[in-house]
Amino acid sequence: MSAPTEQEIETLEGDLTRQIERAADEAGLEDLRVKMLGKKGQVSLMLKTLGKMSPEERQIVGPALNGLKTRLVDLIAARQKNLSDAALDAALETERVDVTLPTYPEQNGSIHPVSQVMAEMTQIFADMGFSIAEGPDIEDDFHNFTALNFPEGHPARDMHDTFFFPEDETGSRKLLRTHTSPVQIRHMMANKPPIRIIVPGRTFRCDSDQTHTPMFHQVEGLVIDKETHMGHLKGCLVEFVKAFFEVDSLDYRFRPHFFPFTEPSAEMDIGYEVVNGEQRLGTGAKYMEILGCGMVHPNVLKNVGLDPDVYQGFAFGMGIDRLAMLKYGINDLRPFFDADVRWLDHYGFRPLDMPTLAGGLSR
Ligand code: PHE
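Thresholds applied
- Residues numbered from 1 in each chain as written.
- Predicted model: local features only at pLDDT ≥ 70, side-chain atom pairs only at ≥ 80, totals over all residues.
- Heavy atoms only, no water.
- Buried < 20%, exposed > 50% of the residue type's maximum accessible area, 1.4 Å probe, protein only.
- Helix = DSSP H or I, 4+ residues; strand = E, 2+ residues; numbered from the N terminus.
- Pairing = 2+ DSSP bridges.
- Contact = heavy atoms within 4.5 Å.
- Phe/Tyr/Trp six-rings, centres within 6.5 Å; stacked < 30°, edge-to-face > 60°.
- Lys NZ or Arg CZ within 6 Å of the ring centre and 35° of its normal.

Q: Tell me about the pairing of strand β9 (residues 286–296), and name the residues and values.
A: The buried fraction of β9 amounts to eight of the eleven residues, a majority that puts the element mostly inside the structure. For strand β7 (residues 262–275) and β9, the ladder comprises nine bridges, and the chain directions are antiparallel. Considered in β9, the bridge of T262 is made with V296.

Right under this line is the structure:
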């Protein structure tokens, strides 16, 4: 290729500039850029010929070509910005959504029973003055067991089928929390009484069958104050269960039980009967267990720096999934976590029907 004259370069610039200005979209512009300035582009190839020119020629053609290249680069960048702004404007215009339009009835996507039940529980306890607290899924031995008055090597630790992590450098093992009770400890260490919290969350135990999955959900409750007693515990839980199962009268009993972190401890059973093969909850001659509870053990209070002679309280814990199964007549727990849309279509809840005490928890 012989050295281009200044005149030729000027004509070329006019031509290329027009092409850039006419590019219809960003892809077309990119093609032009490659054609002009890419490795084998028209302008790049011309720049390569500089080496073969005489010094006199190069002194004139060099600055002219380099100037051309710089102006083209700027021009392309400016055009690129124009085109992308225009593309965005066009997209915003055509993809405009009217959020006030009614939703399509055939649209699927529903609220999972676990979320629904958590929202129902939150409504009921919020109405009684509880607030929500949370804690980590990965816990240490102290919060999950020791501070909750599980002695080292006590068989109660084995009841929990704990998932342990491998030992770290210090020889201790983290674990997946086996219950939401460690959040009692975290909350009492970080807050002063009076305390009134519920703790919904994930819990983990190495167990799997029709009514157990390795990951499940619990809601914990904790009340700490100066004159809290067993009567408060009973009143609170009976009111909760009535509201949750949406029944006016309730057969229930508190049966003595054992938890290391409560004394006395109990399990609450509610009455039910079977009518035409269907379980009716609330009243009846048969009883089923629905939750564990008790007065917070003095050792637990001491472990978090509270004086048991001044403060007392109660705690309770229940399985959210299990309560969802009971309330909504679901007999297998495993599909809760299969993410099968057919199951969700059947058991899910409408997204815009938020449970409220005034409007009804479930409809
Ligand atoms: N953490 C207990 C469990 O998972 C339940 C419970 C909580 C019992 C609070 C009493 C008080 O079995």
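Q: Tell me about helix α7 (residues 182–190), residues and numbers included.
A: Of all the residues in α7, the buried ones are P182, V183, Q184, I185, H187 and M188. Where α7 is buried, its residues contact β2 (138–139), α6 (141–144), β4 (195–204), β5 (215–225), α9 (298–303) and β10 (312–319).

Q: An account of the packing of aromatic side chains is needed here, citing residue identities and associated values.
A: Counted by the stated rule, this structure contains 14 aromatic pairs. Each ring, one from F244 and one from F245, has its centre 4.9 Å from the other, and the planes form 75°; the classification is edge-to-face. Of the two residues, F244 and F245, neither departs from the other in class, the shared state being buried. For the pair F336 and F337, a centre-to-centre distance of 6.0 Å together with 50° between the ring planes defines the contact as tilted. Given the relative accessible area of 31%, F337 is considered partly exposed. In textbook terms, an aromatic cluster arises when at least three aromatic residues are bridged by ring pairs, as seen for F125, F130, F240, F244, F245, F314 and F316. For R173, the ring lying beneath its charged end belongs to F164, and the centroid distance is 4.0 Å. One Lys or Arg, K327, reaches over the ring of F244 and ends 4.6 Å from the middle of that ring.

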